[in-house]
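Coordinate inspection notes
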Amino acid sequence: MKKILASIMMGSLIFCLSACNMPWQKKDTQKEVKREVIQADKVQGTMKDMTLKVGVSNDMAPFSYYDKEQKKIVGFDIDLLDKISDYLGFEYKLYPLSMKQIEQKIKNKEINLAIAGISITDERQREFSFTDTYYETYLQIVVRKDSQITDRKEITEKKVGVVEGTSSAQYAEDYLSEDNKITYYKNITKVWNDLEKGTIDATIYDTTGIQNYMQEHADNTNLSVLNEQLNSEESNYGIMFVKGYKYLDQFNVALQVLNNDGTYQKLKEQWIKTKE
């Protein structure tokens, strides 16, 4: 991914994009690379009069999910998208899709981008363009409390449920034993339901989504989370576009601006109430 240095002309403030460490990013130990200089005040409003089609999830709380009371898609990702659109000037329409559908529709240019807790994996980066990381996370394994499973090595020969097309599914395919039976689901709600009933023995999922579920069902869940942190190098979230997307730099500048003016942190405190 191209590194950018954003020179943001707000009084005497100068910020850097991608090459600096954001609160959602670990310290970058990679070698310094050539960076393009962008004056951010010339980026603001540059996507005015555009309407973008955005792929989202209706089942990935707290990032992007359908709220039955409000009867609409809400979440951290949606509010972050809204702030980016305010800065860059574009309008947008949301399209709730599965991860498989998102990938296909971006390839076919039926949607312009997707923000749905999408992990920046090596495999995806070969086919799509991503913004810099906007949220750092990892995978964990969830089992039933009565399973006596305490380590990932103990899920050998067990039934593991994952959401198809996700980084969790890819991890299961890459690292689980041939003796495991992997069951693929359309959404995480069905995974939780089957795990609670004992239809499957375990699942692998993003830690923030796990913590959100465990907090919402603290009084009645039969589930337990293993402590191991998995796949952290390929779990972090980015906004996904068709390969070589023309306005990728603008989105990266907008993310940097929202970080530096405090907007990002406010949204995070509002939506993500889980431990890190």
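Here's what I pulled together on the structure shown here. (Residues numbered from 1 in each chain as written. Predicted model: local features only at pLDDT ≥ 70, side-chain atom pairs only at ≥ 80, totals over all residues. Heavy atoms only, no water.)

Right, let's talk about the environment of Val-54 for a bit. Counting through the fold element by element, Val-54 comes out in strand β3 (residues 51–56). Counting along the chain gives 56 residues from Val-54 to Glu-110, while the straight-line C-alpha distance between them is 9.5 Å. Among all residues touching Val-54, those that are not within four sequence positions of it are Leu-81, Tyr-92, Lys-93, Leu-94, Tyr-95, Leu-113, Ala-114 and Ile-115. (Helix = DSSP H or I, 4+ residues; strand = E, 2+ residues; numbered from the N terminus. Contact = heavy atoms within 4.5 Å.)

Moving on, we come to the sheet that holds strand β12 (residues 181–185). Ordered in space as β12-β11-β13-β10-β14, the 5 strands form an open sheet in which the pairing is mixed. Of all strands in the sheet, those with a lone pairing partner are β12 and β14 (223–225), marking the two edges. Across the sheet, the axes of successive neighbouring strands diverge by a mean angle of 30°, strand direction being ignored. Against the sheet, helix α4 (residues 167–175) engages β10 (139–144), β11 (159–163), β12 and β13 (202–206), with an angle of about 130° to β13. In the packing of helix α6 (residues 207–216) onto the sheet, contacts are made with β10, β13 and β14, and the angle to β13 comes to roughly 115°. (Pairing = 2+ DSSP bridges. Axes fitted to C-alpha atoms, helices over the stretch in contact; angles between N-to-C directions.)

Here Thr-221 lies in the loop between α6 and β14. Of note is the side chain of Thr-221, whose polar atom sits 3.1 Å from the backbone nitrogen of Leu-223. If near-sequence neighbours (up to four positions away) are discounted, Thr-221 is found in contact with Lys-145, Glu-196, Tyr-213 and Met-214. (Polar contact = N/O pair within 3.5 Å; in protein donor to acceptor, adjacent residues only side chain to side chain.)

Next up on the list: helix α2 (residues 99–107). Counting along an α-helix, one turn takes 3.6 residues, and residues three or four places apart therefore face a common direction. Of all the residues in α2, the buried ones are Met-99, Ile-102, Glu-103 and Ile-106. Along the long axis of α2, the arc covered by the buried residues comes to 95°, so they all point the same way. Packing partners of the buried residues in α2 comprise β3, β8 (113–114), α3 (122–125), β9 (128–130) and β15 (240–242). Where α2 ends, the next residue or the one after it, Lys-109, has phi of about 60°, a positive value. (Buried < 20%, exposed > 50% of the residue type's maximum accessible area, 1.4 Å probe, protein only. Arc of directions from axis to C-beta.)

Helix-helix packing is described using two parameters, namely the angle between the two axes and the distance between the axes. Remark: helix α1 (residues 76–88) packs on helix α7 (residues 248–260), axes separated minimally by 10 Å, with the N-to-C direction vectors making an angle of 110°. Considered as vectors, α1 and α7 are oriented roughly perpendicular to each other. Here Leu-80, Lys-83, Ile-84, Tyr-87 and Leu-88 of α1 come into contact with α7, specifically with Gln-250, Phe-251, Val-253, Ala-254, Leu-255, Val-257 and Leu-258. Classifying every residue of the contact of α1 with α7 by side-chain character gives 10 nonpolar, 1 polar and 1 charged. (Parallel < 35°, antiparallel > 145°, perpendicular 65-115°, else oblique. Nonpolar A, V, L, I, M, F, W, Y, C, P; charged D, E, K, R; others polar.)

A separate point is the sheet that holds β3. Spatial strand order, β7-β3-β8-β15-β9: 5 strands in an open sheet with mixed pairing. With one partner strand each, in any of the chains shown, β7 (91–96) and β9 form the two edges of the open sheet. The pairing of β3 with β8 spans 2 bridges and is parallel. Residue pairing in the sheet places Gly-55 in a bridge with Ala-114 of β8. Across the face of the sheet, α2 comes into contact with β3, β8, β9 and β15 while running at roughly 35° to β15.

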